[in-house]
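Chain and residue survey
This is what each chain is made of:
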Amino acid sequence: MLDVQAIRKDFDILGREMRGKPLVYLDNAATTQKPRVVIEALVEYYQNYNANIHRGIYYLSELATEKYEHVREKTARFIGAPDPATIIFTRNATEAINLVAYAWGRQYIEPGDEIVLTEMEHHSNLVPWQLLAQEKGARLRHIGITEDGRLALDDLDEIITERTKLLSITRMSNVLGTINPVKPLIDRAHAKGAVCLIDGAQGVPHLPTRVLELDCDFLAFSAHKMLGPTGVGVLYGKREWLERMPPFLGGGDMISRVWLDRATWNKLPWKYEAGTPNIADVIAFGAALDYLEQIGMEAVQAHERELTAYALEQLSRVPGIRIFGPRHVEHRGGVISFDLEGIHPHDIGQLLDAEGVAIRAGHHCCQPLMERLDVSATARASFYIYNTEEEVDRLVAAVRKVERVFSRAVS
Amino acid sequence: MSDLRDLYQEVILDHGKNPRNFRKLEDADHQAEGNNPLCGDRINLYLKMDGEVITDIGFQGRGCAISTASASMMTESVKGKTRAEVEALFQRFHELVTGEAEAPPGAPELGKLTVFAGVRDYPIRVKCATLPWHTLRAALEEKREPVSTE
Ligand SMILES: Cc1ncc(COP(=O)(O)O)c(C=O)c1O
């Protein structure tokens, strides 16, 4: 079990007030808060060893390079990748997915090929493939969802076929909280000769991740959703693909030799890291990984599951509420989307804000999923390691208050 | 939630729940669509004009309480007005909700619309309140492209 009270002491922001009430931060699917050690790591770099990496032959640059590269090793270990050279740092999960769409997609996708996605994907895992499909004359296919927000696997044989070149799906929905059965889907796609990308933006921060067991060809995620700073994303790729694919961005660092009219590429992983990277934030991300590793991802998942079960039970008793996504907590992570009959989610968010409760209201970058659910938006609460049952109670009390304020208007 | 009362006034809650003129005009001679991509609000606006004067107006769509109430109250206040009067009213309304100008007490031309003064304290909601007005302007200009608040 997590010592949540001890954890909370590491996050100064959790002690602040919002609108005159103690802050209840429940927008962790958008971005998490950062513990003091992460913020200190940023400051320490800028104060003590700020220098560009991979270039200087002086001590500070060597130190910065060593710290930066050490985080690559930590990241590899965190997701169970044996080879740190298969970890590429990007700006965010979105850029990691785009890297694959450009470098891999433009090389290997041909007219008539099919790319399989799902109806619950984030725009980040939809739009890059739309651009690619339009350019190459490829076809997009989508795995549908069931009434309780799980992937509809009945007509899979019809969707994943010999024509499938890529399967790109999320490990966990940022709207429904659904944890998808990615492993059997990957096996199925591989059996048809397809390549598999997992959008781990929600999965990696909340669930233990072992890339060798998953056997995915690519995995994308963002540091800022797992206690790290903004501006750092990760792409893991199987070495065979990373070796064969052409580079993504051109420039300094990614080259081996440059002539006026051509160049050769650097070794992995630097082949895909053009220009000065986000040194400070990568180093601070290392502190976030240490923090999570110390807690243990099994414990993180267990804590969120317990909190989610409690929240589902309490919220389901609010008059007029509709909760989206899987009914059983085994199929979901710590994300709960809901709405209240006759009340727009934006109004819910506004009234919760007045109670000091920060949630998200909107389409959550999943407009096609909103269409599928036949709503214009949802309200969404999402949890992390520092959230408590008392905070869930504050959420539920605030939602009840919204319901009361608005029912005034009909009476 | 005391300060929020300024935003969610009874009148606004009422128009949000029971919008007036919430209907499609089958014989509309002007119409336009408006979207707020941020929150997924959508409005379809229908007008009947006699020369320069709006003789009938209706709307449909889905949105938050602020945008629905704003659309509802807008339809009530522009019926019978000319284009020029509507444009002037929108200017005043815009100043009111963005806080650019203090509404003079009783602001005669704004009338009941002054209940939206509370929006100025919630900058992201300004788009909700003004979406119906932008859509009205597009309908008057006979714009074919849907208007967007982004
Ligand atoms: C499932 C999913 N995929 C991708 C992303 C994109 O992450 P980022 O904005 O950090 O690139 C998000 C973030 O909201 C997400 O929830």
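We now turn to the structure provided with this report. Just so it is clear, the model here is predicted, and its values are computed rather than measured.

Along the backbone of chain B there are five helices and four strands. Mapped in sequence order, the helices and strands of chain B form the string α-α-β-β-β-α-α-α-β. Relative to its length of 150 residues, chain B is compact, with a C-alpha radius of gyration of 14 Å against a globular reference of 15 Å. Buried positions account for 47% of the 150 residues belonging to chain B. Restricting to contacts in chain B with at least 6 residues of sequence separation, those with at least 24 account for 61%. When the accessible surface of chain B is totalled, it reaches about 6,800 Å², and 48% of it is carbon and sulfur. Mean positive and mean negative side-chain charge positions of chain B (19 and 24 charges, respectively) differ by 4 Å.

Time to look at the packing of helix 2 (residues 10-17) of chain B against helix 3 (residues 65-78) of chain B. Residue and element names in this part refer to chain B. Between helix 2 and helix 3, the shortest axis-to-axis distance is 7 Å and the interhelical angle comes to 90 degrees. The angle between helix 2 and helix 3 places the two elements in the roughly perpendicular class. Counted together, V11, I12, H15 and G16 of helix 2 and A65, I66, T68, A69, S72, M73 and E76 of helix 3 form the full contact between these two elements.

What follows is about the site of the ligand. Residue and element names in this part refer to chain A. Inspection of the region around the ligand gives 13 residues, with T94, D199, Q202, S222 and K225 positioned closest. Side-chain polar atom of H122 to an oxygen atom of the ligand: 3.1 Å apart, as the coordinates give it. At 2.7 Å from an oxygen atom of the ligand is found a side-chain nitrogen or oxygen belonging to H224. Expressed as a share of its isolated accessible area of 390 Å², the protein-covered part of the ligand is 87%. In the shell around the ligand, the residues fall into two nonpolar, nine polar and two charged.

Across the boundary between the two partners, chain A contributes 23 residues, which contact 24 residues of chain B. A combined buried area of about 2,000 Å² lies between chain A and chain B, and 54% of that area is made up of carbon and sulfur atoms. Taken together, chain A and chain B are joined by two salt bridges. Here A:D374 and B:R62 are joined by a salt bridge, their closest N and O atoms 3.9 Å apart. Our count for the chain A to chain B interface comes out at five residue pairs in polar contact (both at pLDDT 80 or more). Elements represented by at least two residues in the side of chain A that touches chain B include exactly helix 13 (345-354), helix 14 (367-373) and helix 15 (389-410) of chain A. Sort the elements by how many residues they give to the side of chain A that touches chain B and helix 15 of chain A lands first, with six residues. Residues belonging to the side of chain A that touches chain B are distributed by class as follows: eight nonpolar, eight polar and seven charged.

Further remarks concern the nonpolar core. Core analysis: the largest hydrophobic core is formed by 77 residues, its most contacted members being A:I79, A:F285 and A:I385. Ignoring any residue separated from it by four or fewer positions in sequence, one finds A:I79 in contact with A:I87, A:V204, A:T209, A:R210, A:V211, A:L219, A:F221 and A:Y236. The next biggest cluster of nonpolar side chains, apart from the first, holds 74 residues, and it includes A:I348, A:V357, B:L13 and B:F90.

Next up on the list: the packing of aromatic side chains. Using the criterion set out here, one finds 15 aromatic pairs over all chains in the structure. Relative to A:Y291, the ring of A:F11 has its centre 6.0 Å away and its plane inclined at 85 degrees; by these criteria the two rings are edge-to-face. Taken together, the residues A:F11 in the loop between helix 1 (4-8) and strand 1 (17-18) and A:Y291 in helix 11 (residues 279-295) connect sequence positions 280 residues apart. A residue is classified by how much of its surface remains accessible, and A:F11, at 2% relative accessible area, is buried. Aromatic side chains B:F93 and B:F116 sit 5.6 Å apart centroid to centroid with 75 degrees between the ring planes, which places their arrangement in the edge-to-face category. Remark: B:F116 occurs in the loop between helix 4 (83-98) and helix 5 (126-140) and B:F93 occurs in helix 4; sequence separation between them is 23 residues. Each member of the pair, B:F93 together with B:F116, is buried.

Time to look at the pairing of strand 7 (residues 164-170) of chain A. Looking along a regular strand, one sees the side chains alternate between the two faces of the sheet. All names here are of chain A. With six of its seven residues buried, strand 7 lies for the most part within the structure. By the bridge criterion, three bridges tie strand 5 (residues 114-118) to strand 7 in an arrangement that is parallel. Opposite E114, over in strand 7, you have T164 as the bridge partner. Pairing geometry for strand 7 and strand 8 (residues 195-199), over five bridges, is parallel. Note on strand 8: the bridge partner recorded for L167 is C196.

Residues and elements named next belong to chain A. Spatially, four strands are ordered 13-14-17-16 in an open sheet, and the strand pairing comes out antiparallel. Edge positions in the sheet fall to strand 13 (321-323) and strand 16 (360-362), since each of these pairs with one other strand and no more. Strand-to-strand twist of the sheet, defined as the mean angle between neighbouring strand axes without regard to direction, takes the value 30 degrees. Sheet topology places strand 16 next to strand 17 (residues 378-382); three bridges connect them, and they run antiparallel. Across the sheet, the residue bridging to A361 is A379, located in strand 17. With respect to the sheet, helix 12 (residues 297-315) is in contact with strand 13 and strand 14 (335-340), its orientation differing from that of strand 14 by roughly 10 degrees.

On to helix 4 (residues 93-108) of chain A, then. Residue and element names in this part refer to chain A. In a regular helix each residue adds 1.5 Å, so 16 residues correspond to 22 Å; helix 4 covers 21 Å between its end C-alpha atoms and thus fits that length. Those residues of helix 4 lying buried are A93, E95, A96, I97, N98, L99, V100, A101, A103, W104 and G105. One side-chain oxygen of the residue at the start of helix 4 lies 3.3 Å from the amide nitrogen of T94, identifying that residue as N92.

Residue and element names in this part refer to chain B. With mixed pairing, the four strands of this open sheet are ordered in space as 3-2-1-4. The two strands at the open ends of the sheet, each matched to only one other strand, are strand 3 (53-62) and strand 4 (147-148). Note that strand 1 (residues 30-36) and strand 4 share two bridges and pair parallel. Across the sheet, the residue bridging to G34 is V147, located in strand 4. Contacts between helix 5 and the sheet are confined to strand 1, strand 2 (41-50), strand 3 and strand 4, with strand 1 contributing the most and set at about 150 degrees to the helix.

So, how was this worked out
Think of each chain on its own: its residues are numbered from 1, step by step along the sequence as written. Going through the entries in the order they are written, you letter the chains from A and number the ligands from 1. For a predicted model such as this one, the threshold for reporting local features is a pLDDT of at least 70, and the threshold for listing and counting side-chain atom pairs is 80 or more; totals across whole chains, interfaces and linings nevertheless cover every residue. Side-chain descriptors were evaluated using all non-hydrogen atoms of the structure, hydrogens and water having been removed beforehand. Helix and strand labels come from DSSP, where a helix needs a run of H or I of at least four residues and a strand needs a run of E of at least two; each type is numbered from the N terminus. The globule rule is 2.2 Å times the number of residues to the power 0.38, and the radius of gyration it is compared with is taken over C-alpha atoms. Relative accessible area decides the class of each residue, using a 1.4 Å probe on protein chains only: under 20% of the type maximum gives buried, over 50% gives exposed, and in between gives partly exposed. We call two residues in contact when some of their heavy atoms are within 4.5 Å. Computed with the Shrake-Rupley method and a 1.4 Å probe, the accessible areas treat only the protein chains shown as cover for residues. We score Asp and Glu as negative and Lys and Arg as positive, and we do not count His or the chain ends. Where a charge lies is defined by one atom per residue type: Lys uses NZ, Arg uses CZ, Asp uses CG and Glu uses CD. Interaxial angle, 0 to 180 degrees, is taken between N-to-C directions of lines fitted to C-alpha atoms, where a helix line uses only the stretch in contact. Reported orientations rely on four angle classes, namely roughly parallel under 35 degrees, roughly antiparallel over 145, roughly perpendicular from 65 to 115, and oblique for the rest. Nearness of a residue to a molecule or strand requires only that one of the residue's heavy atoms be within 4 Å of it. Under this definition, polar contacts are N or O atom pairs within 3.5 Å; protein pairs additionally need one hydrogen-donor-capable and one acceptor-capable atom, and for neighbouring residues in sequence, both atoms have to be side-chain atoms. Think of it as three bins: nonpolar holds Ala, Val, Leu, Ile, Met, Phe, Trp, Tyr, Cys and Pro, charged holds Asp, Glu, Lys and Arg, and polar takes everything else, Gly as well. What counts as buried area is the accessible surface, traced by a 1.4 Å probe, that two parts surrender upon association, with contributions from both included. Definition used for salt bridges: Asp or Glu carboxyl oxygen within 4 Å of a side-chain nitrogen of Lys or Arg. Take the buried Ala, Val, Leu, Ile, Met, Phe, Trp, Tyr and Cys residues and link them wherever side-chain atoms come within 4.5 Å; each set so joined is a nonpolar core. A pair of aromatic rings is counted whenever rings of Phe, Tyr or Trp (Trp by its six-membered ring) have centres within 6.5 Å, and the orientation is called stacked for planes under 30 degrees apart, edge-to-face for over 60 and tilted otherwise. If DSSP finds at least two bridges between two strands, the strands pair. In this analysis, the expected span of each helix is defined as 1.5 Å times one less than the number of residues it contains.

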